[in-house]
4 protein chains.
Amino acid sequence: MLRGVIPPVVTPLTDERALDEASLVRVVEDQIAAGAGGVFVGGSTGEIALLDDETRVRAAEVAVEAAARRVPVLAGVIDTGTARVVRHAQRAQAAGVDAVVATPPFYVAPHADEISRHYRLLAEAVSIPVVAYDIPSATHVPLPASVLGELARDGVIAGFKDSSGDIAGFRRALDAVAGTDVAVFTGSELFADLALELGAAGIVPGLGNVDPAGYVAIERAVAAGDIATARREQERLIRLFRITEVGDRARLGYTAAALGAFKAALWLRGVIATPATSAPLRALDAAEIDEIRGVLVAGGVAITR
Amino acid sequence: MLRGVIPPVVTPLTDERALDEASLVRVVEDQIAAGAGGVFVGGSTGEIALLDDETRVRAAEVAVEAAARRVPVLAGVIDTGTARVVRHAQRAQAAGVDAVVATPPFYVAPHADEISRHYRLLAEAVSIPVVAYDIPSATHVPLPASVLGELARDGVIAGFKDSSGDIAGFRRALDAVAGTDVAVFTGSELFADLALELGAAGIVPGLGNVDPAGYVAIERAVAAGDIATARREQERLIRLFRITEVGDRARLGYTAAALGAFKAALWLRGVIATPATSAPLRALDAAEIDEIRGVLVAGGVAITR
Amino acid sequence: MLRGVIPPVVTPLTDERALDEASLVRVVEDQIAAGAGGVFVGGSTGEIALLDDETRVRAAEVAVEAAARRVPVLAGVIDTGTARVVRHAQRAQAAGVDAVVATPPFYVAPHADEISRHYRLLAEAVSIPVVAYDIPSATHVPLPASVLGELARDGVIAGFKDSSGDIAGFRRALDAVAGTDVAVFTGSELFADLALELGAAGIVPGLGNVDPAGYVAIERAVAAGDIATARREQERLIRLFRITEVGDRARLGYTAAALGAFKAALWLRGVIATPATSAPLRALDAAEIDEIRGVLVAGGVAITR
Amino acid sequence: MLRGVIPPVVTPLTDERALDEASLVRVVEDQIAAGAGGVFVGGSTGEIALLDDETRVRAAEVAVEAAARRVPVLAGVIDTGTARVVRHAQRAQAAGVDAVVATPPFYVAPHADEISRHYRLLAEAVSIPVVAYDIPSATHVPLPASVLGELARDGVIAGFKDSSGDIAGFRRALDAVAGTDVAVFTGSELFADLALELGAAGIVPGLGNVDPAGYVAIERAVAAGDIATARREQERLIRLFRITEVGDRARLGYTAAALGAFKAALWLRGVIATPATSAPLRALDAAEIDEIRGVLVAGGVAITR
């Protein structure tokens, strides 16, 4: 079920920072039209950490309705502790999503066995598949390969998203789940081609919001054994990823710069109504959005604004 | 209002991991009897990161009722983003607490100005004082002294809790708020004496759960200019802090070992009914609890179990 | 000139911790016989950080004599500051090596422009090529891609060895030197295949001491477009790399465990006379060496002891 | 023997980056005149990491001659591995210094027992006292308190310099050496007063180059029980330390900014002939030196240029 390009979609907001449901519907359509294998709402790129519970749930509902079972909908259930994550997961299941995506506990400092227990308790609490999500740049709690292997063999998880940026670790993950049904995904925008060549079930790139067709092209090229095409598309997308470096870091945090760039690009493409992001993130300014426009055009992305 | 010894109290749980209200009442009484200047529920030591919203709110309500206005009650409103923290703060205010304690946003990577904006939005959303809380070991987002100074001068915050462990930074914080009413606290168990000598308004030591009278003795000795007594008590408490090193780290994460030790000690003292901690933390075993008993006895703490 | 498999060879020692010249000659022969494109003495795996200056120079001389111009000899000139590195480089040049390999300054905290200046001064001080070496796990000073690009365009460096473990950064490095003659190498044991597929001039794997033929097979397979063979060999070598995890980390640091494993394997293969490492590293014990023997045999490495 | 204020003195250089012996003599005189208890050449502030071996040795010789046995001279023997450190130490001993100061091995990743062995081998190789030096910001290898205690009890080391910035760790160090003759020093510029109140044998502040009399005043005030004076001086010196923040970090690394500021201040005071620092560090510009002049004047430091 979990396969292909499944971008962590942004959560479009109105200028008043309410969920912009119409824009989210367009985002989902944009993905499906491009050939995505699923949509993932409430990931890090979905600014999940900045959304209140109601918005989290409503975004899941809207995505489920928009997807209309054409592709599976995954929902992030990102929070610091097991009880909190379980609640989010139960709400997401009630909203109709097909799977939930959870990091290890963070803020606290868990032992590997406590991370394992976290996933076991989560899997017991819902009846939909659980995807484990390793993103140490955000959580500062790496998910050990040994835990991954054990969870895979015991049928606790259905998937694994590796956003560590470590391709040797990605190989270890593939090896750890070998012989099980666990689908392994990379969250990398920058080596999607390599991950697929190594045997990834799919990819979950934030930049896939901006150019879903590009990542789908990589997936198809690798599937067809056409590595040259995959490489060429990947290199184009690496250049496109420079939109995340446009925002002035003397004024913006990394999240504001990267997430702001994705939303600016979706706005420039006409998919979402405004590039607004959640408090307390600051917005890109007009000159920065202009520069992003230039990078998109140079990268072959069609702009409507 | 915010002064003195204000320990981050544990959240007692039943063996079924429900809030043990009777034990929490005893914890609050234990603090007030020892001379605490306030109680802080829902801090890191209150395992806030592992509690669901209902338990967070109920713990605040119970503490408010137990304190019965004899001392102020502070509540932690720890979460990843502004909207989430505002919700917690509004619920805590409704529960009757006297102040809320908030870290910078985490999981995301905010700019200093975004951290500042986070506190400004929070302060606008509630009518009780806001205390800023710097605990980079948990959040991985340090709160810059420049932001602290600006928030203090603009009247956004009423207090600052420094759990960075960096006493030079603590001095910078005192300097940054000089001339304002902001009360500066250290979260350190290990240099409470020095922080008070330097001008801290008070101290917020997790070990204050175990030996509140010890920290009150330090506070009073420093106030009286009796540094020798303060030093002696502090050194005793440093030895007592070794209870956090008893748990076997081959089996337990740091949080499980440290928080487990505080709860074990409160159980051995007869204050709480069981040392249970939240999932997914693993428990100390009988031998470890025995070893903690030994450290407590050697440190002059009265044991009833 | 700089191409192919160029392992960072170990520095064989006698049991008295003097340079074992005969063993070093055999190591060089072993590499050349396997098809290595060069040998790199005095790298991190050459325990350069633990060797005195005389041993550093003598090892270079022995390697130069042993290689006898059949393949180029590179020498690490690893030290904390420019003046120190220049001295090492001049001595290495006098010893006859073909290129020197230098990290950024470390222990100090240099700016990117100071790193650039470091390499420019080094290149002016010798008449042989300079290879820049990025190994942040050892130096804690990453070499920025912007510096790399500038040094490449200005003809300051002839090569770049990336031991960051970050394949997205490796791609950035390839892009940064595009259009220049700079040869880019990965230091990774674990994704040599991918680095070569992406366009690496060669690979510098520490595990290449243990199984040079394996890495040469990867290089040749990639050159022939036979990715399946490259992948299979790489996966075998990933399993072989587990020899670095045999040493008991409760007793040994990472360097002792990894370097000790490489030397133990070379000893088991009969290439070096003893697996001794420099003070203050502790040795693997007999049981650990037995376990390494098992991993080697399972990995298809021919053992003579 | 090792007691009091022992600043890590700068290594004055000529504009051609040769050792400026006359200036170094004046630096030593300046320290002794101010009441220093010793001088420490070749520390981190002595830019040891950037000096070649000959300059290291010659600086030690000059300092020994200048001190003329009025105070002890300590020499840093900072290098990555045991054999290298032993060589430096033997040369320093031959140069006549009274003690050597050594960090754990770095660049490599040693186990605690390997760090211990490093110091034991060093102590066996020289007949002068060894001081252990913990500066994890530079080495990224912390020196564990357990190792310190063991080395102290076994008579391996005569002193310990703690530049970790962690005052709780400093207390642990004092406790670890309790009952031995080991002298414990802090390298902190910012809590010299507190360290002395806690029982430090002395202090080794880089800023002591700029205002040795200030740190001597703190030492004497604490010895006399006059904490108010110690506090006042310390607070003045904290403000003075802002000279290290003047250099533009968009252009200079931290070392260039901090070390450059110390040398600029010594030049402004007329003690050294030029503020030159070693390659590859960039120099402060005229405006920055002017700003440093302002901070010095405001801090009560007498300027002659």
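Here the structure is a predicted model, which is why all the values come from computation and not from measurement. (Residues numbered from 1 in each chain as written. Chains lettered and ligands numbered in written order. Predicted model: local features only at pLDDT ≥ 70, side-chain atom pairs only at ≥ 80, totals over all residues. Heavy atoms only, no water.)

Colleague: Report on the interface of chain B and chain A, specifying residues and quantitative values.
Modeller: Each side of the interface is counted separately: chain B has 47 residues, and chain A has 47 residues. Regarding the contact of chain B and chain A, the summed buried area is about 3,800 Å², with carbon and sulfur atoms giving 54% of it. Summed over the shared surface of chain B and chain A, the result is 10 salt bridges. At the surface where chain B touches chain A, the tally comes to 32 residue pairs in polar contact (both at pLDDT 80 or more). Taken together, the elements giving at least two residues each to the side of chain B that touches chain A come down to helix H2 (53–67), helix H3 (82–94), helix H4 (112–125), helix H5 (136–139) and helix H11 (254–268) of chain B. The residue inventory of the side of chain B that touches chain A, partitioned by class, reads 22 nonpolar, 12 polar and 13 charged. (Contact = heavy atoms within 4.5 Å. Buried area = accessible area lost by both parts, 1.4 Å probe. Salt bridge = Lys/Arg side-chain N within 4 Å of Asp/Glu carboxyl O. Polar contact = N/O pair within 3.5 Å; in protein donor to acceptor, adjacent residues only side chain to side chain. Helix = DSSP H or I, 4+ residues; strand = E, 2+ residues; numbered from the N terminus. Nonpolar A, V, L, I, M, F, W, Y, C, P; charged D, E, K, R; others polar.)

Colleague: Which residues make up the relation of the copies chain C and chain A, and what values go with them?
Modeller: Aligned on chain A, chain C shows an RMSD of 0.0 Å; the corresponding rotation is 180° and the shift along the axis is 0.0 Å. Taken together, the rotation angle and the small translation identify this as a two-fold axis. Distance from the rotation axis, computed per C-alpha, reaches its smallest value in chain C at Asp166(C): 3.0 Å. Both copies present the same face, since 100% of the interface residues in chain C are matched by interface residues at the equivalent positions in chain A. (Least-squares fit on C-alpha atoms with pLDDT ≥ 70 in both.)

Colleague: An account of the relation of the copies chain B and chain A is needed here, citing residue identities and associated values.
Modeller: When chain B is brought onto chain A, the operation consists of a screw motion whose angular component is 180° and whose axial shift is 0.0 Å, with 0.0 Å RMSD remaining. Comparing contact sets, 100% of the residues at the interface of chain B also lie at the interface in chain A, consistent with an isologous, same-surface contact.

Colleague: A description of the confidence of the model for chain A should follow, citing residues and the corresponding values.
Modeller: Chain-level statistics for chain A give a pLDDT mean of 98 and a share of 100% at 70 or above. Complex prediction metrics read pTM 0.97 and ipTM 0.98. (pLDDT = per-residue confidence, 0-100.)

Colleague: For the pattern of salt bridges, give the residues involved together with the corresponding values.
Modeller: Opposite charge on two side chains makes pairing possible when the charged atoms of those side chains draw close. All chains considered together, the criterion is met by 104 salt bridges over all chains. A salt bridge links Arg231(B) to Glu197(B); its shortest N-O distance comes to 2.7 Å. You can see Arg231(B) sitting in helix H10 (residues 227–240) and its partner Glu197(B) sitting in helix H8 (residues 192–198), a full 34 residues away along the chain. Take Arg231(B) and Glu197(B): they sit in the same class, and that class is buried. In this structure, a network of salt bridges that share partners links the residues Asp53(A), Asp79(A), Arg84(A), Arg91(A), Asp53(B), Asp79(B), Arg84(B) and Arg91(B). (Buried < 20%, exposed > 50% of the residue type's maximum accessible area, 1.4 Å probe, protein only.)

Colleague: Go over the environment of Thr14(C) with me, naming the residues and quoting the values.
Modeller: All names here are of chain C. Mapped onto the elements of the fold, Thr-14 is located in the loop between strand E1 (4–5) and helix H1 (21–34). Along the sequence, Thr-14 and Val-184 sit 170 residues apart, while their C-alpha atoms lie 34 Å from each other. Excluding residues within four positions of it along the chain, Thr-14 makes contact with Leu-19, Asp-20, Thr-274 and Ala-276.

Colleague: Now, about the UniProt feature "active site" (unreviewed entry) in chain A: what can you tell me, with residues and values included?
Modeller: Following the UniProt record, one finds the feature "active site" (unreviewed entry) at Tyr133(A) and Lys161(A). A maximum C-alpha distance of 4.7 Å places the annotated residues, which cover 29 residues in sequence, within one compact spot. Taking relative accessible area as the criterion, Tyr133(A) reaches 1% and is therefore assigned buried. Excluding its chain neighbours within four sequence positions, the residues that come into contact with Tyr133(A) are Phe40(A), Ser44(A), Ile78(A), Val101(A), Ala102(A), Thr103(A), Pro104(A), Tyr119(A), Leu143(A), Lys161(A), Ser163(A) and Tyr107(B). If you trace the backbone, Lys161(A) turns up in strand E6 (residues 159–162). Among the residues examined, Lys161(A) registers a relative accessible area of 5% and is labelled buried. Residues within four places of Lys161(A) in sequence aside, it is in contact with Phe40(A), Val131(A), Ala132(A), Tyr133(A), Asp134(A), Phe185(A), Gly187(A) and Val204(A). Side chain to side chain, Lys161(A) and Tyr133(A) meet in a polar contact 3.3 Å long. (UniProt positions renumbered as here; feature names shortened; annotations may be inferred.)

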